[in-house]
Amino acid sequence: MIITKPRDWARINAELDSIGARRVFVMGCGQCATVAGTGGEPEVLRAKAILEQHGREVTGWAIGEVTCHSGGMRSEVRKHHGDVETADAVLVLSCGAGVQTVADLTGKPVFPGLESAFLGNVVRHGMFEERCQMCGECVLGVTGGICPVTTCPKGLLNGPCGGMWGGKCEVLTDRECTHVRIRRRLAAQGRTVGGALAPKDHSKKLKPGSVNLRAEKAAKHAADTRPEHGTPGADTKGGQR
Amino acid sequence: MSRLRDALQAGRFVVTGEVAPPLGTDLSGLERSVELLGPWCEALNVTDNQGATLHLSSLAASRALLEMGAEPIFQQTCRDRNRLALQSDLLAAWTFGLENLLAVTGDDPRHGDHPEAKGVFDIDSTHLIGIAKGMNDGHDMIGRELDGDTDFFVGGALFPEAEPWDIAMERAEQKVRAGAQFFQTQAFFDPEALGRTVERMHAIGAKVIAGVLVLRSPRTIDFINNRLAGLMVPEHVSRRIKGAADAKEEAIAFATEQVRIAREFADGVHVMPLGLDARVPEILGGAGLRPRG
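Residues numbered from 1 in each chain as written. Chains lettered and ligands numbered in written order. Predicted model: local features only at pLDDT ≥ 70, side-chain atom pairs only at ≥ 80, totals over all residues.

1. Considering the overall build of chain B
Link 1 in the chain: When helices and strands are tallied, chain B shows 11 helices and eight strands.
Link 2 in the chain: For chain B, the C-alpha radius of gyration of 18 Å lies close to 19 Å, the compact-globule estimate for 293 residues.
Link 3 in the chain: Taking contacts inside chain B between residues at least 6 apart in sequence as the whole, the part at least 24 apart equals 77%. (Helix = DSSP H or I, 4+ residues; strand = E, 2+ residues; numbered from the N terminus. Rg over C-alpha atoms; globule rule 2.2 N^0.38 Å. Contact = placed C-beta atoms within 7 Å.)

2. Some details on unusual backbone geometry
Link 1 in the chain: The linkage connecting Lys207 of chain A with the following residue, Pro208 of chain A, adopts the cis geometry, with an omega of -10°.
Link 2 in the chain: Checked against the element boundaries, Pro208 of chain A lands in the loop between helix H8 (178–188) and helix H9 (213–224).
Link 3 in the chain: The amide bond that connects Glu163 of chain B to the next residue, Pro164 of chain B, takes the cis arrangement and shows omega of 0°.
Link 4 in the chain: Examined against the element boundaries, Pro164 of chain B turns out to sit in the loop between strand E5 (153–158) and helix H6 (165–178).
Link 5 in the chain: Backbone geometry places Ala52 of chain B, a non-glycine residue, at a positive phi of 55°.
Link 6 in the chain: Considering the arrangement of structural elements, one finds Ala52 of chain B in the loop between strand E2 (43–46) and helix H3 (58–67).
Link 7 in the chain: In the Ramachandran plot, Leu274 of chain B falls in the positive-phi region, its phi being about 50° despite a non-glycine side chain.

3. As for the interface of chain A and chain B
Link 1 in the chain: Contact residues are listed per partner, giving 21 residues for chain A and 25 residues for chain B.
Link 2 in the chain: A class-by-class count of the residues in the side of chain A that touches chain B yields 11 nonpolar, seven polar and three charged. (Nonpolar A, V, L, I, M, F, W, Y, C, P; charged D, E, K, R; others polar.)

4. Concerning the pairing of strand E3 (residues 57–64) of chain A
Residue and element names in this part refer to chain A.
Link 1 in the chain: Burial within E3 is extensive, with six of its eight residues counted as buried.
Link 2 in the chain: As paired strands, strand E2 (residues 23–29) and E3 are joined by seven bridges and run parallel to one another. By the bridge assignment for E3, Val26 is matched with Trp61. (Buried ≥ 20, exposed ≤ 12 C-beta atoms within 10 Å, placed from the backbone. Pairing = 2+ DSSP bridges.)

5. Quick word on the sheet that holds E5 of chain B
Residues and elements named next belong to chain B.
Link 1 in the chain: Spatial strand order, E1-E2-E3-E4-E5-E6-E7-E8: eight strands in a closed barrel with parallel pairing. For this sheet the average axis-to-axis angle between neighbouring strands, irrespective of direction, equals 30°.
Link 2 in the chain: Taken together, the four bridges between E5 and strand E6 (residues 182–187) define a ladder with parallel strand orientation. Bridge pairing links Leu158 to Thr185 in E6.
Link 3 in the chain: Against the sheet, helix H10 (residues 247–265) engages strand E7 (207–213) and strand E8 (268–272), with an angle of about 170° to E7. (Axes fitted to C-alpha atoms, helices over the stretch in contact; angles between N-to-C directions.)

6. Here's the deal with the confidence of the model for chain A
Link 1 in the chain: Across chain A, the average pLDDT comes to 93, with 94% of residues at or above 70.
Link 2 in the chain: For the stretch residues 233–241 of chain A, pLDDT sits under 50, and the model shows four contacts to residues farther than four places along the chain or on other chains. (pLDDT = per-residue confidence, 0-100.)

7. Observations regarding the packing of helix H5 (residues 125–136) of chain B against H6 of chain B
All names here are of chain B.
Link 1 in the chain: Interaxial distance between H5 and H6 falls to 8 Å at its minimum, and their mutual angle equals 20°. By the angle between their axes, H5 is roughly parallel relative to H6. Relative to H6, H5 is oriented so that their crossing is right-handed. Between H5 and H6, the contacting residues are Ser125, Thr126, Ile129, Gly130 and Lys133 on the first element and Gln174, Lys175 and Ala178 on the second.
Link 2 in the chain: Per-class residue counts for the contact of H5 with H6 are two nonpolar, four polar and two charged. (Parallel < 35°, antiparallel > 145°, perpendicular 65-115°, else oblique. Left-handed = near helix turned anticlockwise from the far one by under 90°.)

8. Some points on the confidence of the model for chain B
Link 1 in the chain: The predicted model of chain B has a mean per-residue pLDDT of 96, with 100% of residues at 70 or higher.
Link 2 in the chain: On the interface metric, ipTM, the complex scores 0.90, and its pTM is 0.91.

9. Some remarks on the sheet that holds strand E7 (residues 127–130) of chain A
All names here are of chain A.
Link 1 in the chain: Within the open sheet, the three strands sit side by side as E1-E6-E7. Their pairing is antiparallel. Edge positions in the open sheet fall to strand E1 (2–6) and E7, since each of these has one partner strand only. Averaged over neighbouring strand pairs, the angle between their axes works out to 65° when direction is ignored.
Link 2 in the chain: Here four bridges tie strand E6 (residues 114–124) to E7, and the two strands are oriented antiparallel to one another.

10. A look at the pairing of strand E1 (residues 14–19) of chain B
Sheet faces and side chains relate simply in a regular strand, where the side chains alternate between the two faces.
Residues and elements named next belong to chain B.
Link 1 in the chain: Of all six residues in E1, six are buried, a share of seventy percent or more.
Link 2 in the chain: With burial as the criterion, each face of E1 is covered, one bearing Val14, Thr16 and Glu18 and the other bearing Val15, Gly17 and Val19.
Link 3 in the chain: Bridging between E1 and E8 involves three bridges; their strand directions are parallel. Residue Val15 lies in a different strand from E8, and its bridge partner there is Val269.
Link 4 in the chain: As paired strands, E1 and E2 are joined by four bridges and run parallel to one another.

11. Re the nonpolar core
Link 1 in the chain: Leu44, Ala132, Phe183, Val208, Ala210, Val212 and Val269 of chain B are the most contacted members of the largest nonpolar core, which has 96 residues in total.
Link 2 in the chain: If you tally residues by element for this core, the top one is H10 of chain B, at six residues.
Link 3 in the chain: Those residues in contact with Leu44 of chain B that sit more than four places away from it in its chain are Thr16, Gly17, Glu18, Val19, Val34, Leu37, Leu65, Ala70, Pro72 and Ile73 of chain B.
Link 4 in the chain: Judged by nonpolar contacts, the second largest core, of 39 residues, contains Trp61, Val84, Ala87 and Leu91 of chain A. (Core = buried A, V, L, I, M, F, W, Y, C linked by C-beta atoms within 7 Å.)

Have a look at this one:
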């Protein structure tokens, strides 16, 4: 899940003041930000109270079921249309993805109420750790299921670096060095690191990422229905759509 | 030709030293260090934004050293540059006449003077060693042929007392497979660990230059133990220097003993004077070495 942290209220207020926003609609997120304890109902109500303390009127509030989901949010925004319309701004307590969804759907000045931190594992209730950076080229199969890209503070594919001491990390000195962990786990499984891992292919992770299953499906369908495949001809393709 | 490579290949015990480029453009400090260390050292390491703190680039300072008549060991870290920049700087280094390379990972920026900086680490030190070797073979890291190749003498860093020791050695072996020809070690304190490290590296054909630090004051020792990554001054050494009537003199005596031990086990000694450059001749001479002929 996406881990978010509270945003400095001085910044939130300064941004709202920058457009002279007196009336604010607050949107939370029922998914990640709820679990992270940053954008669920209690936090939205707290935000409402703080906004009111600062002399702003809260026209309404809602918790989007999944605030980054455009389809779901379209109906959520429609449900609160009046309250959103009368607001000068929308404050969104979600990750940056959710903030942008709300911005696209409302057309209102939208302000982030949280800081997006990382893709996190829920280690225990209320304890989140970054284990994956979504690098687009997974190495976990050869690193014993421990990601060096993410859990080594330097993101080194090959290690340990020279700062390792007593098996501990140079940067986060209370933690075991990721590369020591990798080598120990592999050894316990009767495996070894083997050769050095090649430099990361950053072209696998170009911004902005985009996946379009519909286009892929359509392309596959088009290929499958070509005459040489012995299935219906080109003229039926249009009809099937 | 790299004097350092020649000496090591001829089996001569080598001395390397270290100079720190200035934070600024005044090269007179470098000049003083070169005057003091140059006559004793086959080559001098030129650090690359050491400790993740801003300094004149290693490339420029290495070139300056060459002009001052010293042989530099151009240090490159992977912290501040991506693969394009590292490769073009390597090509630049060769055109400048820099023949020795020490490829290291680099300290994390959050421990330096610009903690807001992004640590690049696009590639790691093993990759960088491999790239330099590739350039020696006439191609860049994606295999494109170079119009004019290099002939770097390529080194890496090694930590003879790092634990788990086997993992540290496996890592060093990885660097040798990538193309490292020599190692310069972090300061050693345990002769036995140095001995077995050298033995293991010799078995795969790599030379080892043992690091000796001049632990000039109790404050220096505390700084190393609390702030410097990958190094700890053992209690008995710390006690000896801190407890001495004159800590600085004791540190000189200790460094001299360490150089003698290095002569017994290693292919050379790398002296890190931590500002006590003027005392280096005394340390090396005291250990039975002479200025370069």
